[in-house]
Amino acid sequence: MLLDADESQLVLVDYQTRLMPAIHEGAAALANAVRLAQIAQMLDVPVWGTEQNPSRLGPNDAALRALCRKTLDKMHFSAVPDGLVDYLRPPVKPQQGGNARSLPKHLQKPAQPAAPERPSIVIAGCEAHVCLLQTALELLAEEFEVWVVTDACSSRTERNRDAAFDRLAGAGAELVTTEMVAFEWLGSCEHPAFKDMLALVK
């Protein structure tokens, strides 16, 4: 199973200015997150950000924030209860055709939630064992495919970060790296963005 750029969305969780100095290898995780977002933009993959209690932890890194279509403020550790799925899943479309509206209400089919047009969620963030973990687990429960970019995630300690990866893998998330995502999204060295992408990862 390989990633397809046309079916992917990128979610970047809580790379916040007051949090990152305390994160183990935080500068490397942030650099990979920015790289991912730049590659996503080249390939028209939607990029979404989240910020945990930004009045206390500050905004996301400015370079990363500028690459996101929208940034969701949240108070829950998982971004799902605060509305992330509304970004990831298109709204329900009204039913077309027929005269269903003329049927009595009890005979009408209830509106079904739309299947995501881009069901593969590539996700990275901090802290891996709290906000990233809880968001990823709830996205799995919402029936998205979840791909966790391990070299763009971290926690204050390696032990917490690694425990998060173990738990996510056991729950059905795919563990990948920045370069895995980049090369799978491209698919071929003949892709028009190949040279630009290579400049970012080398």
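Note: the structure precedes this text.
The present account deals with the structure reproduced in this document.

The rules behind these values
- Residues numbered from 1 in each chain as written.
- Predicted model: local features only at pLDDT ≥ 70, side-chain atom pairs only at ≥ 80, totals over all residues.
- Heavy atoms only, no water.
- Helix = DSSP H or I, 4+ residues; strand = E, 2+ residues; numbered from the N terminus.
- Buried < 20%, exposed > 50% of the residue type's maximum accessible area, 1.4 Å probe, protein only.
- Contact = heavy atoms within 4.5 Å.
- Areas by Shrake-Rupley, 256 points an atom, 1.4 Å probe, with all protein chains shown as cover.
- Core = buried A, V, L, I, M, F, W, Y, C linked by side-chain atoms within 4.5 Å.
- Phe/Tyr/Trp six-rings, centres within 6.5 Å; stacked < 30°, edge-to-face > 60°.
- Expected span 1.5 Å × (residues − 1).
- Patch = residues over 30% accessible without salt bridge, like charges linked within 9 Å, V, L, I, M, F, W, Y side chains within 5 Å.
- Salt bridge = Lys/Arg side-chain N within 4 Å of Asp/Glu carboxyl O.
- Lys, Arg positive; Asp, Glu negative; His and termini not counted.
- Charge placed at Lys NZ, Arg CZ, Asp CG, Glu CD.

## Observations concerning the overall build of the protein chain
Counting its regular elements, the protein chain contains eight helices and six strands. When the helices and strands of the protein chain are placed in sequence order, the string is β-α-β-α-α-β-α-β-α-β-α-β-α-α. By the burial criterion, 46% of the 202 residues in the protein chain qualify as buried. Partitioning the contacts of the protein chain with sequence separation of at least 6, the portion at a separation of at least 24 is 73%. Carbon and sulfur atoms provide 52% of the accessible area of the protein chain, an area that totals close to 10600 Å².

## Details of the side chain of glutamine 52
Considering the arrangement of structural elements, one finds glutamine 52 in strand β2 (residues 47-52). Given the relative accessible area of 8%, glutamine 52 is considered buried. Ignoring anything within four residues of it in the chain, the contact list for glutamine 52 reads Asp14, Gln16, Leu57, Lys74, Met75, His76, Phe77 and Cys131.

## Some details on unusual backbone geometry
A cis amide bond links cysteine 126 with the next residue in sequence, glutamate 127, at an omega value of -15 degrees. Residue position: glutamate 127 is located in the loop between β4 (120-125) and α5 (128-141). Here the phi dihedral of aspartate 14 falls at roughly 60 degrees; this positive angle occurs in a residue that is not glycine. Within the chain, asparagine 53 stands out as a residue other than glycine whose phi angle is a positive 40 degrees. Within the secondary structure, asparagine 53 is located in the loop between β2 and α2 (54-57). Looking at asparagine 53, the relative accessible area reads 19%, which means it is buried.

## Focus: the nonpolar core
Nonpolar side chains in soluble globular proteins tend to end up buried together. By size, the foremost hydrophobic cluster in this structure holds 61 residues, and its most contacted members are Leu12, Tyr15, Ile123, Leu139, Val148 and Trp185. Among the elements that line this core, the one with the most residues is helix α1 (residues 26-42), at seven residues. Ignoring anything within four residues of it in the chain, the contact list for leucine 139 reads Val80, Leu84, Val85, Leu88, Ile121, Ile123, Phe144 and Val146.

## Quick look at the packing of aromatic side chains
Considering all chains together, one arrives at one aromatic pair under this definition. A centroid spacing of 5.2 Å and a plane angle of 40 degrees characterise the contact between tryptophan 48 and tyrosine 87, whose relative ring orientation is tilted. Remark: tyrosine 87 occurs in helix α4 (residues 84-88) and tryptophan 48 occurs in strand β2; sequence separation between them is 39 residues.

## Structural notes on α1
With 17 residues, α1 extends 25 Å from end C-alpha to end C-alpha; this agrees with the ideal 24 Å at 1.5 Å per step. Listing the buried residues of α1 in full gives Gly26, Ala29, Leu30, Asn32, Ala33, Val34, Leu36, Ala37, Ile39 and Ala40. The inward-facing, buried residues of α1 abut β1 (8-13), β2, α3 (62-66), β5 (145-149), α7 (178-186) and α8 (194-201). Once α1 ends, the next one or two residues include aspartate 44, with phi positive near 60 degrees.

## Some remarks on the environment of lysine 202
Mapped onto the elements of the fold, lysine 202 is located in the segment after α8. A C-alpha to C-alpha distance of 9.7 Å links lysine 202 and glutamate 179, two positions 23 residues apart in sequence.

## Quick word on a negative patch on the surface
Judged by side-chain charge, Asp4, Asp6, Glu7, Asp44, Glu145 and Glu174 come together as a negatively charged surface patch. Assignment of secondary structure puts glutamate 174 in strand β6 (residues 174-176).

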